[in-house]
Amino acid sequence: MKYICSKCNAKEEVTTYKAKCDCGGLFKLDYKPPKFNLSSIDRNTWSIFRYRNFMPLLDEQWRNISLGEGMTPIIKFDDDVILKMDYFMPTLSFKDRGAAVLISHCKSTGVESVVQDSSGNAGNSIAAYCAKANIDCEIFVPEGTSPKKIDMIKSHNARVNVVSGSRDNCADVCRAKVETEGKYYANHVYNPFFYEGTKTYVYEIYEQLNRIPQNIFVPLGNGTLFIGIIKGLEELIESNIINKMPNIIAVQGENCDPFIKAFENKEKQPALITPRPTMAEGIAIGIPMRGEEILEYIYKYNIEMITAPENQILNARASLAAKGIYCEHTTAATYAAYLKYCKLYGKTHDSLIPMCGAGLKSDH
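Quick summary incoming for the structure in this document.

The rules behind each value
Residues numbered from 1 in each chain as written. Predicted model: local features only at pLDDT ≥ 70, side-chain atom pairs only at ≥ 80, totals over all residues. Heavy atoms only, no water. Core = buried A, V, L, I, M, F, W, Y, C linked by side-chain atoms within 4.5 Å. Buried < 20%, exposed > 50% of the residue type's maximum accessible area, 1.4 Å probe, protein only. Helix = DSSP H or I, 4+ residues; strand = E, 2+ residues; numbered from the N terminus. Contact = heavy atoms within 4.5 Å. Phe/Tyr/Trp six-rings, centres within 6.5 Å; stacked < 30°, edge-to-face > 60°. Pairing = 2+ DSSP bridges. Right-handed = clockwise from strand over helix to strand, strands pointing away. Polar contact = N/O pair within 3.5 Å; in protein donor to acceptor, adjacent residues only side chain to side chain. Expected span 1.5 Å × (residues − 1). Axes fitted to C-alpha atoms, helices over the stretch in contact; angles between N-to-C directions. Disulfide = S-S within 2.5 Å. Parallel < 35°, antiparallel > 145°, perpendicular 65-115°, else oblique. Nonpolar A, V, L, I, M, F, W, Y, C, P; charged D, E, K, R; others polar.

In this structure, Ile103, Val114, Ile126, Ile212, Phe226, Leu233 and Ile298 are the most contacted members of the largest nonpolar core, which totals 88 residues. Looking at which element gives the most residues to this core, the answer is helix 8 (residues 224-238), with seven residues. Ignoring anything within four residues of it in the chain, the contact list for Leu233 reads Val202, Ile212, Ile216, Ile242, Met245, Pro246 and Ile248. Grouped together as the second largest cluster of nonpolar side chains are 28 residues, Tyr87, Ala308, Ala337 and Met355 included.

Here is the structure:
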């Protein structure tokens, strides 16, 4: 198993501390799991590592680092919608799936200190798992990040830097530190081990329902859940468990929609946009680093695209809360997009929507 550059196809050992290839391309993982089957799940392990037979783990470090992430319930919301309750996680966010695998990999390869940039949730996940793994951690977040997310990051003894400007500027500042100081970049976008965690979202759905829903709505910013879902579904297809992709609807905020603009113009790279302020901070990514890769998936699988109307996010959040689901604004944006989709195309039966982040994290 090696890293392979997404641009020049050069290979690199997975023990490297490099964040990307020397040519500038981001790494993918040259790893093919065995065919997925329910009998190979370790049902005595109550975390995403019950699927470890299909994950690229170097050793058993995960046993000391797992916080019980994953195994989140799927609940019926109404006759057409089921919700995957991924904010039922140690740090109240789906990002724990990826962080658990990435930080286990860091521990396996002797990493002692990491830096990462985030809109909040991924930073909190990385900070929590670094705390469990006894790895030094420094997180960069953009101004405007929920104070409660910042407080959670600090609670795990991680250092927090609040960077002025946009989410993309925050990433630039953090990556400059990686370049100049040689820090290990434990980033949810750059490091492909993160997606080996988020793909378990699909494994769980299949194990819990014994099927895949017809329609899967997924928020799309940097693509950490999106890529994980595609990877997981591809593995189920290759394992002859499902015979085709379900209908996937990718959701962007209307104030930050580089993929939708590119899709409309049939471009191969995300459109150059100027992000505007949005409540959907978790998907407010103007320059997604894996943009070409994500667009390839969008075209390959005829993935639908829709924007979440900014003026309906709070209404969607209130509608969810009125039925007991208290989620953060970015998560509510996905439900707002679902309601818009139904207005455009009619009632959409058998739809799965992820509840990615808990509401207590975004009361600001």
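So that's the structure; there's more coming.
Moving on, we get to the packing of aromatic side chains. Considering all chains together, one arrives at 18 aromatic pairs under this definition. Seen from their ring centres, Phe36 and Phe54 are 4.7 Å apart, and the 40° between their planes marks the pair as tilted. Note that Phe36 is positioned in the loop between strand 3 (27-30) and helix 1 (62-65) and Phe54 in the loop between strand 3 and helix 1, a separation of 18 residues in sequence. Residue Phe36 is classed as buried on the basis of its relative accessible area, which comes to 4%.

Time to look at the pairing of strand 11 (residues 247-253). Among the seven residues in strand 11, six count as buried, and that is most of the element. In terms of strand pairing, strand 10 (residues 215-219) meets strand 11 through five bridges, oriented parallel. Its bridge partner lying in strand 11, Val218 is registered against Ala250. With respect to chirality, the unit in which strand 10 leads through helix 8 into the neighbouring parallel strand 11 is right-handed. Relative to strand 12 (residues 304-308), strand 11 runs parallel, the two being bridged by five bridges. Each residue of the ladder has a partner; that of Gln252, found in strand 12, is Thr307.

Non-glycine residue Leu92 carries a positive phi angle of around 70°. Within the element layout of this structure, Leu92 appears in the loop between strand 5 (81-84) and helix 2 (96-108). Of the residues examined, Leu92 reaches a relative accessible area of 27% and is grouped as partly exposed. One non-glycine residue with positive phi stands out, namely Asn210, at about 60°. Relative to the elements of secondary structure, Asn210 occurs in the loop between helix 7 (200-209) and strand 10.

Along the polypeptide, Asp80 turns up in the loop between strand 4 (74-76) and strand 5. In terms of polar contacts, Asp80 uses its side chain to reach the side chain of His349, at 2.5 Å. With residues up to four places along the chain from it excluded, the contact list for Asp80 reads Tyr338, Lys347, Thr348, His349, Asp350 and Ser351.

Three or four residues apart is the spacing at which side chains of an α-helix point the same way, because the helix has 3.6 residues per turn. With 17 residues, helix 12 (residues 329-345) should cover 24 Å at 1.5 Å per step; its first-to-last C-alpha distance of 24 Å lies within 8% of that length. Extensive coverage of helix 12 is indicated by the burial of 12 of its 17 residues. All of the buried residues along helix 12 are His329, Thr330, Thr331, Ala332, Ala333, Thr334, Tyr335, Ala336, Ala337, Tyr338, Tyr341 and Cys342. Tucked into the core, helix 12 has its buried residues touching strand 5, strand 10, strand 11, strand 12, helix 11 (313-321) and strand 13 (351-354). Looking one or two residues beyond helix 12, the residue adopting positive phi is Gly346, at roughly 95°.

Moving on, we get to the sheet that holds strand 2 (residues 11-13). Across the sheet, three strands lie side by side as 2-1-3; this open sheet has antiparallel pairing. The open sheet has two edge strands with one neighbour each: strand 2 and strand 3. Within this sheet the neighbouring strands show an average axis-to-axis angle of 40°, counted without direction. Relative to strand 2, strand 1 (residues 2-5) runs antiparallel, the two sharing three bridges. For Lys2, the partnering residue across the bridge sits in strand 2 and is Glu13.

Under the defined criterion, the tally for this structure stands at zero disulfides. Of the cysteine sulfurs around Cys8, a residue in no disulfide, the closest is that of Cys21, at 3.7 Å. The cysteine Cys106 is free of any disulfide, with Cys130 supplying the nearest cysteine sulfur at 6.6 Å.

For the rest of this paragraph, the subject is the environment of Ser118. Inspection of the secondary structure puts Ser118 in the loop between strand 6 (113-117) and helix 3 (121-133). When its relative accessible area of 1% is taken as the criterion, Ser118 is described as buried. A C-alpha to C-alpha distance of 8.7 Å links Ser118 and Gly282, two positions 164 residues apart in sequence. If we ignore the near neighbours within four places in the chain, the residues touching Ser118 are Gly123, Phe140, Val141, Pro142, Arg167 and His188.

On to the packing of helix 11 against helix 12, then. Interhelical geometry of helix 11 versus helix 12 gives an angle of 95° and a closest axis separation of 8 Å. By the criterion of interaxial angle, the relationship of helix 11 to helix 12 is roughly perpendicular. Residues Ile313, Leu314, Ala316, Arg317, Ser319 and Leu320 of helix 11 form the contact with helix 12, whose own contacting residues are His329, Ala332, Ala333, Tyr335 and Ala336. Among the residues making up the contact of helix 11 with helix 12, the classes are represented as eight nonpolar, two polar and one charged.

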